[in-house]
Amino acid sequence: MPDDTVLLGDGGLATELEARGHDLSDPLWSARLLVDAPHEITAVHLAFFRAGAMIATTASYQASFEGFAARGLDHDDTARLLRRSVELAAAARDEIGRGYIAASVGPYGAALADGSEYRGRYGLSTTQLAAWHLPRLEALADAGADVIALETIPDADEGAALVDLVRRLGVPAWLSYTIDGTNTRAGQPLAEAFAVAAGIPQIVAVGVNCCAPEDVLPAISLAGQIGKPVIVYPNSGERWDTTHHAWIGPRRFSTDMAAQWVSAGARIVGGCCRIRPVDIAGLAAITRN
């Protein structure tokens, strides 16, 4: 895309599903609704598109063959649900008449449903991680999404495994880490983590997501060093209290901060947890300018 183009991403799919009354306290998280209430997923995609988003990120982040097997679904059933996640986003896109579909691929730790995606270092080799991710990537690559979103990756080793898989599959993808300061959640320097995507044409953007808004600006300059468009979509700034099962702390996400990210070179901007359509509408004026 042209150097001065800014694409607006969507916000927190699960956040909006919960706001619509769905209990997502489940190992499958929002992916459970691929079975139970697929029309609700389409409705949320539509809400973000109507707010100005140009990208719909599918409800496949926490979907896995193991997770659905625990519900009695076989391999073919799970592959069908992964394809459904893309179809639901495409239905919203077709209704609104514009936009792109990003098929979400969360980290291995997300499927464990124990917070491991914010730690990394699972004790698996890159070969083992690649073998685990491959069936899901194959199903989503065949579903017709515009791009694969390798997102909330906490560990550069897992990033390297995923980058090699999309290279082998020949599908476009972005690579987005969850971070703490200027390190991955596993503690690796971000510059080294982004370097795993250097020279890989299938990786069309790199950046950060599911992180504190104040960590975004330093990450942009590091991501930009490998010569690809930069994508950023942080959380609201609130923190999940695992003891009381509630979000605490102030919201720090703002359109002023997002304007700084664009000025610093971010070319795809959106939000993650706790970012709602009203927030995306606020960002729409920035991307239009």
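Residues numbered from 1 in each chain as written. Predicted model: local features only at pLDDT ≥ 70, side-chain atom pairs only at ≥ 80, totals over all residues. Heavy atoms only, no water.

Colleague: With reference to specific residues and values, describe the pattern of salt bridges.
Modeller: Counted according to the given criterion, the structure contains 16 salt bridges. As a salt-bridge pair, Arg276 and Glu16 come within 2.9 Å of each other at their nearest N and O atoms. With Arg276 in the loop between strand S12 (266–269) and helix H12 (277–288) and Glu16 in helix H1 (residues 13–19), this residue pair connects regions lying 260 residues apart in the sequence. The class for Arg276 is partly exposed, based on a relative accessible area of 35%. Looking at Glu16, the relative accessible area reads 10%, which means it is buried. Here Arg121 ties to Asp157 by a salt bridge, and the two come within 2.4 Å at their closest N and O atoms. (Salt bridge = Lys/Arg side-chain N within 4 Å of Asp/Glu carboxyl O. Helix = DSSP H or I, 4+ residues; strand = E, 2+ residues; numbered from the N terminus. Buried < 20%, exposed > 50% of the residue type's maximum accessible area, 1.4 Å probe, protein only.)

Colleague: Describe the UniProt feature "binding site: Zn(2+)" (unreviewed entry) in the chain, and please don't skip the residues or the numbers.
Modeller: The feature "binding site: Zn(2+)" (unreviewed entry), as given by UniProt, occupies Cys210, Cys272 and Cys273 in the numbering adopted here. Spatially, the listed residues are clustered: although they cover 64 residues, their C-alpha atoms lie within 6.6 Å of one another. Looking at the element boundaries, Cys210 is found in the loop between strand S8 (203–209) and helix H10 (216–223). Beyond its immediate sequence surroundings of up to four residues, Cys210 is in contact with Tyr118, Thr152, Thr178, Arg185, Tyr233, Pro234, Asn235, Cys272 and Cys273. Among the structural elements, Cys272 can be located in the loop between S12 and H12. Classification of Cys272 by relative accessible area gives buried; the value is 13%. In this structure Cys272 touches Gly11, Gly12, Asn209, Cys210, Tyr233, Pro234 and Asn235, once residues within four positions along its chain are discounted. (UniProt positions renumbered as here; feature names shortened; annotations may be inferred. Contact = heavy atoms within 4.5 Å.)

Colleague: With reference to specific residues and values, describe the nonpolar core.
Modeller: Residues Leu150, Ile203 and Trp261 are the most contacted members of the largest nonpolar core, which totals 83 residues. Tallying contributions element by element places helix H5 (residues 75–96) first for this core, with seven residues. Val147, Cys210, Ile231 and Ile268 belong to the second-largest nonpolar core, a separate cluster that totals 13 residues. (Core = buried A, V, L, I, M, F, W, Y, C linked by side-chain atoms within 4.5 Å.)

Colleague: If you had to explain the packing of helix H3 (residues 38–51) against H5 to someone new, which residues and values would you point to?
Modeller: With their axes 9 Å apart at the nearest point, H3 and H5 run at an angle of 45° to one another. Compared by their axis directions, H3 and H5 come out oblique. For H3 against H5, the interelement crossing comes out right-handed. Note on element contacts: H5 touches H3 through Arg84, Leu88, Ala89, Ala91, Ala92, Arg93, Glu95 and Ile96, opposite Pro38, Ile41, Thr42, His45, Leu46, Phe49 and Arg50. (Axes fitted to C-alpha atoms, helices over the stretch in contact; angles between N-to-C directions. Parallel < 35°, antiparallel > 145°, perpendicular 65-115°, else oblique. Left-handed = near helix turned anticlockwise from the far one by under 90°.)

Colleague: Can you lay out unusual backbone geometry for me, pointing to particular residues and giving the numbers?
Modeller: Positive phi, normally seen in glycine, also occurs at Arg121, with a value near 50°. Relative to the helices and strands, Arg121 resides in the loop between helix H6 (108–112) and helix H7 (126–141). Despite not being glycine, Cys210 shows a phi value in the positive range, around 50°. By relative accessible area, Cys210 is classed as buried at 2%.

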